[in-house]
Amino acid sequence: MTRSIQSRRGELGYDTVALVLQGGGALGSYQGGVYEGLAEAGLHPDWIAGISIGAINAAVIAGNPPERRVEQLQRFWDHICRPPLLPPTPVDALRDALAHLPGPAGAALSAWEAWRAVLEGQNGFFVPRQVPSWPMQHDPGTASVYDSAPLKRTLEEFVDFDRLNNGGTRISVGAVNVRTGNFAYFDNTARVLTADHIMASAALPPGFAPVEIDGEYYWDGGVVSNTPLYQILQSSPRRYSLVFQVDLWSAHGQLPGNLSEVPIRQKDIQYSSRTRLVTDYMREVQEYRGLLRELLKHMPAGHGREPWMKRARELASDRRINVLHLIYRGGKCEAPYKDYQFGRLGMEERWSGGLADIRRTLEHPSWLEVPSAEHPFVTHDVHRPPDGR
């Protein structure tokens, strides 16, 4: 069914098809699966906004031609999900065995892969710094547990930055200025983006050091807000938009029953950044803008040059926004270290989950329709409970 969907956004009735990618480290392979499903459906976003691993995925997508994006995403994740020093875990031999072993076996393997990331780092991503340099160094660029220099080389291998900046796909990546605490978006419509801008968006402390750009140092945007959805929704000019929001942390979840479950739930709440709070707020704002537009039609003549009329016209809008929300819901062996468990089996499971979720989403053709004037802002989510909360 999904293959019949047209690739051009105009044929769907939208001015913009946007892809919004939340941060979440190793969980980001879920977004790769979502993008594979979008590509097989012929849905190619013209604007991608990302934070942290979402920014990295965004760069790989925008920095490659449409026909190679899925392949490059797969190659990128295969590349970084290998340990940099010791031989990788023999996942092919373990895959069938784990299917017949009790749950604790899978949990043990997951813990082992996470500890490998802590002790060894990840291939083409990060490696531990030398401990003796910590007390003596006074360089912000080295104030971290890990050195992310390998990531720059990896980005330059998998991302064509000429295409990223000139290929017709808008990309926005979020970071926070360490000195001022202000949030910032690096956007290829306003500047030429390099690997440094992507790395700044993914520099989560204390694991990674801030990245210097134009004399200022930047950390991962997730320090302030991990969801770049608002950047898309508040954009001007206000256009009819179809938005695929791909979250890696769920604001809704089970009450922790023991201490081992507390940090899992804490991370979910902290990094979910209340995406649905943003959509609820923007729905209300858009309804007010539409109402204002209708009221202006009934204003008597003679007020056209009044300053308040000019401002009212600027605020009024008939914009229609459709958000298709996808949220990673977790695998069989989730743990507090799920965001730095880069094991191959975990990566494949998350990728498959993202692909399955977007295919299920696109099985509802009506969900792609442009919202009505009465309800200009709508959201859809295959995981949402019947009560919509």
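Refer to the structure presented above.
A quick note: this is a predicted structure, and the numbers were derived from the prediction, not measured.

Enquirer: I'd like to hear about the layout of surface pockets, residue by residue, with values.
Expert: Of the voids in this model, the largest pocket is the one considered here, and its volume is about 560 Å³. In terms of lining residues, the largest pocket is bounded by 27 residues, among which Gly 25, Leu 204, Phe 208, Asp 339 and Tyr 340 are the most central. At the level of secondary structure, the elements contributing two or more residues to the lining of the largest pocket comprise helix H3 (53-62), helix H6 (103-120) and helix H11 (262-272). A breakdown of the residues in the lining of the largest pocket according to their chemical character gives 17 nonpolar, 7 polar and 3 charged.

Enquirer: Give me the lowdown on the environment of Leu 242, citing residues and values where you can.
Expert: Relative to the elements of secondary structure, Leu 242 occurs in strand E9 (residues 241-247). Here Leu 242 falls in the buried class, since its relative accessible area comes to 0%. Separated by 79 residues in sequence, Leu 242 and Ile 321 have C-alpha atoms that sit 6.1 Å apart.

Enquirer: An account of the environment of Val 60 is requested, with residue identities and associated values reported.
Expert: Along the chain, Val 60 turns up in helix H3. Separated by 98 residues in sequence, Val 60 and Phe 158 place their C-alpha atoms 6.3 Å apart. When sequence neighbours within four positions are dropped, the list of residues in contact with Val 60 reads Gln 72, Leu 73, Phe 76, Phe 158 and Val 159.

Enquirer: Tell me about helix H2 (residues 29-40), and name the residues and values.
Expert: The terminal C-alpha atoms of H2, which comprises 12 residues, lie 17 Å apart, in line with the 16 Å expected from a rise of 1.5 Å per residue. Most of H2 sits inside the fold, with 11 of its 12 residues counted as buried. Where H2 is buried, its residues touch strand E1 (16-21), H3, helix H4 (69-80), E9, strand E10 (321-327) and helix H14 (344-362). Positioned one or two residues after H2, Gly 42 has a phi angle of 75°, which is positive.

Enquirer: Mind laying out the side chain of His 380, listing which residues take part and the relevant values?
Expert: Note that His 380 resides in strand E11 (residues 377-380). Beyond its immediate sequence surroundings of up to four residues, His 380 is in contact with Asn 322, Val 323, Leu 324, His 325 and Trp 367.

Enquirer: Describe the pairing of strand E8 (residues 216-220), with residues and values.
Expert: Relative to E8, strand E5 (residues 170-177) runs antiparallel, the two sharing 3 bridges. In the strand pairing of E8, Asn 177 is matched with Tyr 218. Two elements, strand E7 (residues 211-213) and E8, share 3 bridges in a ladder whose sense is antiparallel. In the sheet register, Ile 213 faces E8, and the bridge partner there is Glu 216. Between the end of E7 and the start of E8, which pair antiparallel, lie 2 residues, with Asp 214 showing a positive phi angle near 50°.

Basis of the calculations
Throughout, a residue's number is its position along its own chain's written sequence, starting from 1. Only residues with pLDDT of at least 70 get local features here, since the model is predicted, and only at 80 or more are side-chain atom pairs given and counted; chain-wide, interface and lining totals rely on the full set of residues. Each side-chain value is derived from all of the structure's non-hydrogen atoms; neither hydrogens nor water enter the calculation. Whether a set of points on the 1 Å grid over the protein atoms alone is a cavity depends on a 1.4 Å probe fitting there but being unable to get out, while an open set qualifies as a pocket with protein on both sides within 12 Å along at least five of seven lines; lining residues are those with an atom within 4 Å of a point. Grid points are joined across faces, edges and corners, and a volume is the space filled by probe spheres set on the points. In DSSP terms, a helix is any run of H or I states spanning at least four residues, a strand is any run of E spanning at least two, and both are numbered starting from the N terminus. Classification used: nonpolar for Ala, Val, Leu, Ile, Met, Phe, Trp, Tyr, Cys and Pro, charged for Asp, Glu, Lys and Arg, polar for all others including Gly. Exposure categories follow from relative accessible area, calculated using a 1.4 Å probe and restricted to protein chains: below 20% of the type maximum is buried, above 50% is exposed, and the middle band is partly exposed. Throughout, a residue-residue contact means that at least one pair of heavy atoms, one from each residue, lies within 4.5 Å. The span expected for a helix works out to 1.5 Å for each residue beyond the first. By the convention used here, strands pair only if DSSP detects at least 2 bridges between them.

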